[in-house]
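Each chain, written out:
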Amino acid sequence: MSKQISLLIVDDEESVRDSLYNWFIEDGYFVECAEDAKTALSMLENKHFDIILTDIKMPGMDGMEMHRRIKALNTKSIVIIMTAFATVDTAVQALKDGAFDYVTKPFDPDELTHLIKNAAKQITLEAENVALKEKFVDLENVDDIIGNSEPMKQVLREVMSVAQSNSSVVITGESGTGKELIARAIHSNSQRKFFPLVSVHCGALSESLLESELFGHEKGAFTGAMYNRKGRFEMADGGTIFLDEIATISPKMQIELLRVLETKKFVRVGGNKEISSDFRVICATNRDLKSMVEKGTFREDLYYRLNVVNINIPPLRERPDDIPLLVDFFIKKYCTAMNKANISIEENALKKLKEFDFPGNVRELENMIERAIVIGDGKKIRSSDLPLAKDAFDSSYESLEDLEKVHILQILNKYGWNISQSAKALKVDRVTLYNKIKKYDLKQPE
Amino acid sequence: MQTITLITYGKFDTELLERMLSEIASDLGMPVKHLQGHIDMSEFYDAGRRQYDANRLITVVDASRPKDTFKTMGLFDVDLYIPILTYIFGQAYLNGRTGIASLHRLKNEYYGMKPNKQLLFNRFKKEIIHELGHTFGLKHCHHPPCVMLSSTYVEDIDQKESHFCQQCRDELRMNQQIILREF
Ligand SMILES: [Zn+2]
Ligand SMILES: [Zn+2]
């Protein structure tokens, strides 16, 4: 965050001041409190606060009067009024008098966070508009995007330029190239960074699940829907929604998606109230959307709506110079994770890696390095530790580990994920089983 | 050696608890102890809100923390509130020694969906690590999918991972001399 935002809380109740103080300190704001309007006004004479969050009913001077006097001070502070249900009318009056917004006590955590983030965004925007022109912004949250090659530098340049805009982005690249990392980098460097980045893996969900996932549902929309539930578009309000494997969505969902993108409005499944949400959309796919459009399997209008900017991540085989950097990165990552001293890689092994064509891209390289650290001698990664012999027969993944993973999963499913029974059947203790579940990232089917 | 103590109040699933102890220990690289707490929960119940006062509960947990422990988390299975907010999942003293977290609103059933043990475990673990992060002095982070992202509803929790991002790790190393294992 470029500039720390300051907040003044004005409330006569100590418990309210304390709770809000803690809440906002954890959110990274600079916070001070005042117990009444008089104290607040005298603090404001000596010091600027970006946001003032004030109760409306206080002994002595009330929040409305204080708001008027703050306006008279001619500061740029944003004033937000806190009110109980009974005084909502007064709060509406405060809005007419130029208060930024109001909240009703007690607040939903979500509502409060959103409100302050909105105010913070406005302040940051004003500050950044001043600074933006001459400044070269350093990219944030790109530590795990590894690569010094020209194609990767180009990708990062594109991230930087697109982050500042609000355009829809389609990230293309073979599987394993790290499309989600690029989506995160765009979000973290945009003005939407204060709001959530919400990811949806479209390929993993059936049409009806995807629909309720994206749009939410109302109580009673289908069996089991006993409560209202927010959808991903609603959650992404103010932020970014990342739709992975966009090419997999059904024709019906394509139409619905198009409608939402055009209007930024939708209704929850089983509901009739129109909800609007301000989100930016980033999609990813390993398919060629353009040719899907030509074949008629992907809507042309949707394609143009999504593909305002295209960022293509080159496959690993087109940037072999990045391989040594990546290998170092993964060695460090896995040696630390396994509590081992960092090991090195034999010259010859590295050379072979640089010549390998990596159909599974960076993810495949990562898996190879992890595996090599596990099976190797603990000092050096040798080429014999790497499953590179693709010419022999294509069974390099039929390792004992893979067998173990599949077997554990079968046993877990057989015993309904009862850990004790499964551990007994496998003849291992429960801790070992937990560690294996974690290691192989096994998930209980829903 | 810096120890973490988890104090449970009320009954927790043994399997969930055992797994939590082992995973938090291995993720943070610190020994994790478990204690069973005994308090009369009715003293913290607000009949009007039908919820439990998290500000008072955290003081009780803080007072009953073992003196030789580094950080303490009180674990509950009740609906927590603080005066100004309609609910919270948990809270902690920033840079302090104590935090609390509750399973209650992390359950799928609470939202009318099918129970999911694995998902519940993940959510609870992230919530515990998040609050511990606050006791380590970490504030909310803007780098998805870092565990220190602020989460105001469950689906937010599902969007993040259970580990700290590089920036948060660096901060821990510099400010607290805590060196965490990579995830
Ligand atoms: Zn937090
Ligand atoms: Zn972080």
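About the cut-offs
- Residues numbered from 1 in each chain as written.
- Chains lettered and ligands numbered in written order.
- Predicted model: local features only at pLDDT ≥ 70, side-chain atom pairs only at ≥ 80, totals over all residues.
- Helix = DSSP H or I, 4+ residues; strand = E, 2+ residues; numbered from the N terminus.
- Buried ≥ 20, exposed ≤ 12 C-beta atoms within 10 Å, placed from the backbone.
- Contact = placed C-beta atoms within 7 Å.
- Core = buried A, V, L, I, M, F, W, Y, C linked by C-beta atoms within 7 Å.
- Pairing = 2+ DSSP bridges.
- Axes fitted to C-alpha atoms, helices over the stretch in contact; angles between N-to-C directions.
- Expected span 1.5 Å × (residues − 1).
- Arc of directions from axis to C-beta.
- Nonpolar A, V, L, I, M, F, W, Y, C, P; charged D, E, K, R; others polar.
- pLDDT = per-residue confidence, 0-100.
- Parallel < 35°, antiparallel > 145°, perpendicular 65-115°, else oblique.
- Left-handed = near helix turned anticlockwise from the far one by under 90°.

Asks: Could you clarify how one ought to interpret the overall build of chain B in this entry?
Replies: Check the secondary structure of chain B and you find five helices and nine strands. Each helix and strand of chain B, ordered N terminal to C terminal, gives the series β-α-β-β-β-α-β-β-β-β-β-α-α-α.

Asks: Is there a simple way to think about the overall build of chain A in this case?
Replies: Within chain A, the secondary structure is distributed over 18 helices and 14 strands. The burial tally for chain A puts 34% of its 446 residues in the buried class. Counting contacts in chain A only where the partners sit at least 6 residues apart, residues at least 24 apart contribute 68% of the total.

Asks: What exactly am I supposed to notice about the nonpolar core here?
Replies: Side chains that are nonpolar tend, in soluble globular proteins, to be buried together. In terms of nonpolar packing, the biggest core is built from 80 residues, with Leu7, Ile51, Ile80 and Ile81 of chain A touching the most fellow members. Judged by nonpolar contacts, the second largest core, of 39 residues, contains Ile171, Val200, Phe266 and Cys283 of chain A.

Asks: I'm lost on the pairing of strand β7 (residues 85–88) of chain B in this one. Help?
Replies: Residues and elements named next belong to chain B. Relative to β7, strand β6 (residues 80–82) runs antiparallel, the two being bridged by two bridges. When the bridges of β7 are listed, Ile82 appears paired with Leu85. Hairpin connection between β6 and β7: a loop of two residues separates the two successive antiparallel strands.

Asks: Please clarify how the sheet that holds β7 of chain B should be interpreted in this entry.
Replies: Residues and elements named next belong to chain B. The four strands lie next to each other as β3-β4-β6-β7, forming an open sheet whose pairing is mixed. Each edge of the sheet is formed by a strand with only one pairing partner; in this case those strands are β3 (45–46) and β7. Here two bridges tie β3 to strand β4 (residues 51–53), and the two strands are oriented antiparallel to one another. In the strand pairing of β4, Asp46 is matched with Gln51. Relative to the sheet, helix α2 (residues 54–63) contacts β4, β6 and β7, its axis offset from that of β4 by approximately 50°.

Asks: What's the story with helix α13 (residues 323–337) of chain A in this structure? I'm lost.
Replies: In an α-helix, one full turn covers 3.6 residues, which means residues spaced three or four apart are oriented alike. Residue and element names in this part refer to chain A. The terminal C-alpha atoms of α13, which comprises 15 residues, lie 21 Å apart, in line with the 21 Å expected from a rise of 1.5 Å per residue. Within α13, burial applies to Ile323, Val327, Phe330, Ile331 and Tyr334. One side of α13 holds all its buried residues, which, seen down the axis, span an arc of 110°. The elements touched by buried residues of α13 are β13 (344–345), α14 (347–355) and α15 (361–375). At the C-terminal side of α13, Asn339 shows a positive phi close to 60°.

Asks: Is there a simple way to think about the interface of chain A and chain B in this case?
Replies: Quoted interface sizes are often the accessible area lost when the parts come together. Of the residues lining the interface, 48 residues belong to chain A; the matching set on chain B comes to 36 residues. At the level of secondary structure, the elements contributing two or more residues to the side of chain A that touches chain B comprise α1 (14–26), α5 (109–132), α7 (179–188), β7 (197–201), α13 and α18 (430–439) of chain A. It is α1 of chain A that contributes the most residues to the side of chain A that touches chain B, seven residues altogether. Tallied by class, the residues present in the side of chain A that touches chain B amount to 20 nonpolar, 13 polar and 15 charged.

Asks: Before we go on, may I ask you to explain the sheet that holds strand β2 (residues 30–34) of chain A in this structure?
Replies: Within a beta sheet, neighbouring strands are joined by backbone hydrogen bonds and run either parallel or antiparallel to one another. All names here are of chain A. The sheet built from five strands is open, its strands ordered β2-β1-β3-β4-β5 with parallel pairing. Where the open sheet ends on each side, the last strands, each with one partner, are β2 and β5 (101–104). Averaged over all pairs of adjacent strands, the angle between strand axes in this sheet comes to 20°, irrespective of strand direction. Pairing analysis gives five bridges linking strand β1 (residues 6–10) to β2, with the strands arranged parallel.

Asks: Would you take a moment to explain the confidence of the model for chain B for this structure?
Replies: A low pLDDT means the predicted coordinates there should not be read in detail. Put simply, chain B has an average pLDDT of 92, and 97% of its residues get 70 or more. The ipTM for the predicted assembly is 0.83, set against a pTM of 0.68.

Asks: Can you walk me through the environment of Ile275 of chain A in this structure?
Replies: Residue and element names in this part refer to chain A. Mapped onto the fold, Ile275 is located in strand β10 (residues 274–276). Sequence separation between Ile275 and Glu234 is 41 residues, and the spatial gap between their C-alpha atoms is 7.9 Å. Ignoring sequence-local partners within four residues, the contact set of Ile275 consists of Glu234, Lys265, Phe266, Val267 and Arg268.

Asks: Teacher, can you tell me more about the packing of helix α1 (residues 14–28) of chain B against helix α3 (residues 117–135) of chain B here?
Replies: Packed helices, taken two at a time, are described by the angle between their axes plus the distance between the axes. Residue and element names in this part refer to chain B. Packing of α1 against α3 brings their axes to within 11 Å, and their N-to-C directions diverge by 45°. The orientation of α1 relative to α3 falls into the category oblique. The crossing of α1 and α3 is right-handed. Contacts between α1 and α3 involve Leu16, Arg19, Met20, Glu23 and Ile24 from the first element and Phe121, Phe124, Lys125, Ile128 and Ile129 from the second. When the residues that make up the contact of α1 with α3 are grouped by side-chain class, the tally is seven nonpolar, no polar and three charged.

Asks: What's the story with unusual backbone geometry in this structure? I'm lost.
Replies: Peptide bonds are trans in most cases, and residues, glycine excluded, mostly fall at negative phi. Backbone torsion omega between Lys105 of chain A and Pro106 of chain A reads -15°, so that peptide bond is classified as cis. One can find Pro106 of chain A in the loop between β5 and α5. Here the bond from Pro144 of chain B into Pro145 of chain B is cis, since omega is 5°, no more than 30 degrees from zero. The residue Pro145 of chain B is located in the loop between α3 and α4 (154–159) in this model. At Phe358 of chain A, a position not held by glycine, the phi torsion is positive, near 45°. Residue position: Phe358 of chain A is located in the loop between α14 and α15.

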